[in-house]
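# Reading the structure
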Amino acid sequence: KAGVTQTPRYLIKTRGQQVTLSCSPISGHRSVSWYQQTPGQGLQFLFEYFSETQRNKGNFPGRFSGRQFSNSRSEMNVSTLELGDSALYLCASSLHEQETQYFGPGTRLLVL
Amino acid sequence: QKEVEQDPGPLSVPEGAIVSLNCTYSNSAFQYFMWYRQYSRKGPELLMYTYSSGNKEDGRFTAQVDKSSKYISLFIRDSQPSDSATYLCAMTDTDKLIFGTGTRLQVFP
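Source: prediction; values computed, not measured.

### Considering a nonpolar patch on the surface
- Together, Ile 12, Leu 110 and Leu 112 of chain A line one region of the surface with nonpolar side chains, adding up to about 300 Å² of accessible area.
- When its relative accessible area of 39% is taken as the criterion, Leu 110 of chain A is described as partly exposed.

Following this line, the structure appears as structure tokens:
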């Protein structure tokens, strides 16, 4: 069974731009969660989607948003990028909410 | 105070050593405990998943949970250079999943 895939793998943007990241979960998984990982803060939860509905949200500003499609694929969007948004963005999928999560390889975002 | 505390390391050990990685937590509602391994520039991969207090063994890896002390451990026997990675503990109360910040392990030949 194919794992979680994320595109793009690497991205360079400048301050003020916006970015959209994509995640395809493991086939059959309906829950998708997004995390931001930085050396100083570790893995920080962004949001979780299940059946196209946002179920949980972390403590991130409204510039961070996401959505899930009917095929369980998910996108997250970051508007008005700031230097501090440079991070590895990880997507994880699970069969149901809050069950064991399987991670994708991540999208490494660099904001200049 | 963070809900999950994990020593960031780095932890450097010789090949063949027994490694002990630990996390403490404050929320007694946590029921499920996981250990993930993350190699450089990769996403975390699930290593172990436990529910109850006690030990769970899988090859060279043993996960230990002590709910009374709010303490979990991952032991790696006969450590190999290929075990060099960051190890993250994670736990959930079915409402939220919280990760530790990770411990960086280096196993040298």
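### As for the environment of Gly 62 of chain A
- Position of Gly 62 of chain A among the secondary structure elements: in the loop between β6 (53–57) and β7 (64–68).
- For the pair Gly 62 of chain A and Gln 41 of chain A, spaced 21 residues apart in the sequence, the C-alpha separation amounts to 19 Å.

### So, the pattern of salt bridges
- Summed over the entire model, instances satisfying the criterion amount to seven salt bridges over all chains.
- With its nearest N and O atoms 3.3 Å apart, the salt bridge here joins Glu 75 of chain A to Arg 67 of chain A.
- When the shortest N-O distance is used, the salt bridge between Glu 45 of chain B and Arg 37 of chain B registers 3.2 Å.
- With a relative accessible area of 32%, Glu 45 of chain B lands in the partly exposed category.
- In this structure Arg 37 of chain B comes out as buried when scored by relative accessible area, which is 13%.

Parameters at a glance
Counting restarts for each chain, with residues numbered from 1 along the sequence as it is written. Here the convention is simple: chains get letters from A, ligands get numbers from 1, in the order in which they are written. Thresholds applied to this predicted model are a pLDDT of at least 70 for local features of residues and 80 or more for the giving and counting of side-chain atom pairs; totals over whole chains, interfaces and linings are not thresholded and use all residues. Calculation of side-chain values draws on the structure's entire complement of heavy atoms; hydrogens and water are dropped beforehand. Nonpolar side chains (Val, Leu, Ile, Met, Phe, Trp, Tyr) within 5 Å and like charges within 9 Å form the patches, drawn only from residues with over 30% relative accessible area and no salt bridge. Computed with a 1.4 Å probe, the accessible areas rest on the Shrake-Rupley method; for each residue, only the protein chains presented here act as cover. Only one rule defines a salt bridge in this text: a Lys or Arg side-chain nitrogen within 4 Å of an Asp or Glu carboxyl oxygen. Relative accessibility under 20% of the residue-type maximum defines a buried residue, over 50% an exposed one, and the middle range a partly exposed one, all with a 1.4 Å probe and only protein chains included. Working definition: helices are DSSP H or I runs of at least four residues, strands are E runs of at least two. Numbering for both runs from the N terminus.

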